[in-house]
Amino acid sequence: MKTTRFFHGTVSILENVKLARATYRLRLASAELAGLIAPGQFLMLRFPDRWDPLLGRAFAMMDTVRDETGQPHAVDIGYFVVGKMTRLLERLRPGDQLSVWGPLGKPFPRYDGVGDLVLIGGGIGHTPFLALAQRALGLVGYAGQPARRECDRVVLVYGTRTADLLAGVTDFERLGVAVHISTEDGSAGRAGRVTDVLAELPRPQRGDYWVACGPMPMLRAVAQLAQSWQVPCHVALESPMACGTGICYSCVVPTRTLEGWDYSRVCVDGPVLDVCQIVWDKI
Ligand SMILES: Cc1cc2nc3c(=O)[nH]c(=O)nc-3n(C[C@H](O)[C@H](O)[C@H](O)COP(=O)(O)OP(=O)(O)OC[C@H]3O[C@@H](n4cnc5c(N)ncnc54)[C@H](O)[C@@H]3O)c2cc1C
């Protein structure tokens, strides 16, 4: 029997639900894509009936939606309205169509034997973490894999500029994830940034692991803290990209090689990379 590992087609919108200010969860009906995609992977979206925006936009898989028998039948993404594509996504209603290709990129590796898995999300950067938390806690299996617990505990450190941008916090709390919030204006949680929260949490133990996703300045700050405390740390990068399949080299980041450094493509070598791999002073 031929096995398909990639989906490209037009899908129907099931829901487009507001989670916070300018932040939505979009549900795409596709059992095929939902059965293939794993936490950390992403998909590309385009409008089937428009040339503008010409290029697709990448969105992390937030979660798959499963029926009462546990079969995945839809994929959720989360988006923040900033520009051309997301302003159009905001107008979508159930039954509207989108062109989708994926899954793309490499999933988060397994965090087997990890103590605290600390997920650090800045702004809309929390989107890949709901699925990762469920996978790591052994609550859901993705991409045909059975559910299996990986770590002792999942912690979420989630920061936004202000309280009304916080999205989907209760989804994490419901899983038993320990949630620590920061806002830059102090309107919810700790006033400050995610790195201020990290600095105040108990010092990481051997066996803990950090995973961060958010704007590049935040990732750089988290990487510096992780390296100075010698905590292993992955980042899920969201560099703008045109093709998502390794052809165009628009999403490259400088990474270390045996000879020095070279460019890695976020779309096919990532989007999840080790902070020690990235040459931060060349970004
Ligand atoms: C692997 C990966 C995963 C991603 N996951 C997510 C996700 O889960 N959720 C999510 O929301 N995004 C995600 N992104 C980002 C997403 O792909 C888009 O880049 C983002 O949604 C913006 O697209 P847009 O068309 O709305 O904005 P664009 O129109 O492309 O604009 C991009 C930025 O440029 C600014 N801009 C646009 N025009 C101008 C102008 N004339 N002058 C000044 N500034 C301007 C916009 O304000 C915006 O900040 C991901 C990206 C990658 C690579």
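Here the structure is a predicted model, which is why all the values come from computation and not from measurement. (Residues numbered from 1 in each chain as written. Predicted model: local features only at pLDDT ≥ 70, side-chain atom pairs only at ≥ 80, totals over all residues.)

> So what about the overall build of the protein chain? Which residues, and what values?
Looking only at helices and strands, one finds seven helices and 16 strands in the protein chain. Computed over its C-alpha atoms, the radius of gyration of the protein chain comes to 18 Å, within 12% of the 19 Å expected for a compact globule of 283 residues. With respect to the principal axes defined by its C-alpha atoms, the protein chain has extents near 50 × 45 × 40 Å. In the protein chain, buried positions account for 43% of the 283 residues. Look at the contacts in the protein chain between residues 6 or more apart in sequence, and 62% of them connect residues 24 or more apart. (Helix = DSSP H or I, 4+ residues; strand = E, 2+ residues; numbered from the N terminus. Rg over C-alpha atoms; globule rule 2.2 N^0.38 Å. Buried ≥ 20, exposed ≤ 12 C-beta atoms within 10 Å, placed from the backbone. Contact = placed C-beta atoms within 7 Å.)

> Mind laying out the sheet that holds strand S9 (residues 151-160), listing which residues take part and the relevant values?
Taken in spatial order, the seven strands make up an open sheet running S11-S10-S9-S8-S12-S13-S16, and their pairing is mixed. At either margin of the open sheet sits one strand with a lone partner, and together these are strand S11 (190-191) and strand S16 (272-274). Here two bridges tie strand S10 (residues 178-183) to S11, and the two strands are oriented parallel to one another. Bridge pairing in S11 places Thr183 opposite Ala191. (Pairing = 2+ DSSP bridges.)

> Would you mind going over the site of the ligand in detail, with residue names and values included?
What surrounds the ligand is a group of 22 residues, the closest being Ala58, Gly83, Met85, Thr86 and Thr127. Its residues assigned to classes, the shell around the ligand shows 14 nonpolar, five polar and three charged. (Near = placed C-beta within 6 Å. Nonpolar A, V, L, I, M, F, W, Y, C, P; charged D, E, K, R; others polar.)

> Lay out the pairing of strand S1 (residues 7-20) with the relevant residues and their values.
In terms of strand pairing, S1 meets strand S7 (residues 97-104) through six bridges, oriented antiparallel. Within S7, the position partnered with Val11 by the bridge is Leu98. Examined bridge by bridge, S1 and strand S2 (residues 23-29) share seven bridges and lie antiparallel to one another. What sits directly across from Ala20, in S2, is Thr23. Between S1 and S2, which follow one another and run antiparallel, lie two residues, and Ala22 among them has a positive phi close to 60°.

> Please provide a residue-by-residue account of the domain arrangement of the protein chain, values included.
Partitioning the protein chain into structural domains gives domain 1 (7-104) and domain 2 (114-238). Using only C-alpha atoms to locate each centre, domain 1 and domain 2 end up separated by 23 Å. When residues of the side of domain 1 that touches domain 2 are traced back to their parent elements, those giving at least two are S1, helix H1 (31-36), strand S5 (63-66) and strand S6 (72-80). Here the side of domain 1 that touches domain 2 gets four residues from one element, more than from any other, and that element is S6. Of the residues in the side of domain 1 that touches domain 2, the class split is twelve nonpolar, five polar and two charged. (Domains from an automatic or database assignment.)

> Would you mind going over helix H6 (residues 216-229) in detail, with residue names and values included?
With 14 residues, H6 should reach 20 Å at 1.5 Å per residue; the first-to-last C-alpha distance of 20 Å fits that figure. Taken together, the buried positions of H6 are Met218, Leu219, Ala221, Val222, Leu225 and Ala226. One side of H6 carries all its buried residues, which in axial view fall inside an arc of 165°. Away from its buried face by more than 90 degrees, H6 exposes Pro217 and Ser228. The secondary structure elements touched by the buried residues of H6 are strand S8 (114-122), helix H5 (194-200), strand S12 (209-213) and strand S13 (233-236). Directly after H6, the chain includes Gln230, whose backbone phi takes a positive value near 55°. (Expected span 1.5 Å × (residues − 1). Arc of directions from axis to C-beta.)

> Tell me about unusual backbone geometry, and please be specific about residues and values.
Excluding glycine, residues mostly carry a negative phi; peptide bonds, for their part, are mostly trans. A cis amide bond links Asp52 with the next residue in sequence, Pro53, at an omega value of 5°. Here the bond from Gly102 into Pro103 is cis, since omega is 0°, no more than 30 degrees from zero. Tracing the backbone shows Pro103 in strand S7. Despite not being glycine, Ala22 shows a phi value in the positive range, around 60°. With respect to the element layout, Ala22 can be found in the loop between S1 and S2. Its 17 C-beta neighbours within 10 Å are what place Ala22 among the partly exposed residues. A positive phi angle is found at Tyr249, which is not glycine, with a value near 60°. Note that Tyr249 resides in the loop between S13 and strand S14 (252-256).

> Describe the sheet that holds strand S3 (residues 42-46), and please don't skip the residues or the numbers.
The seven strands lie next to each other as S4-S3-S7-S1-S2-S6-S5, forming an open sheet whose pairing is antiparallel. The open sheet has two free edges, formed respectively by strand S4 (57-60) and S5, since each of these has just one partner strand. Each adjacent strand pair in this sheet contributes to an overall mean axis angle of 40°, direction not counted. (Axes fitted to C-alpha atoms, helices over the stretch in contact; angles between N-to-C directions.)

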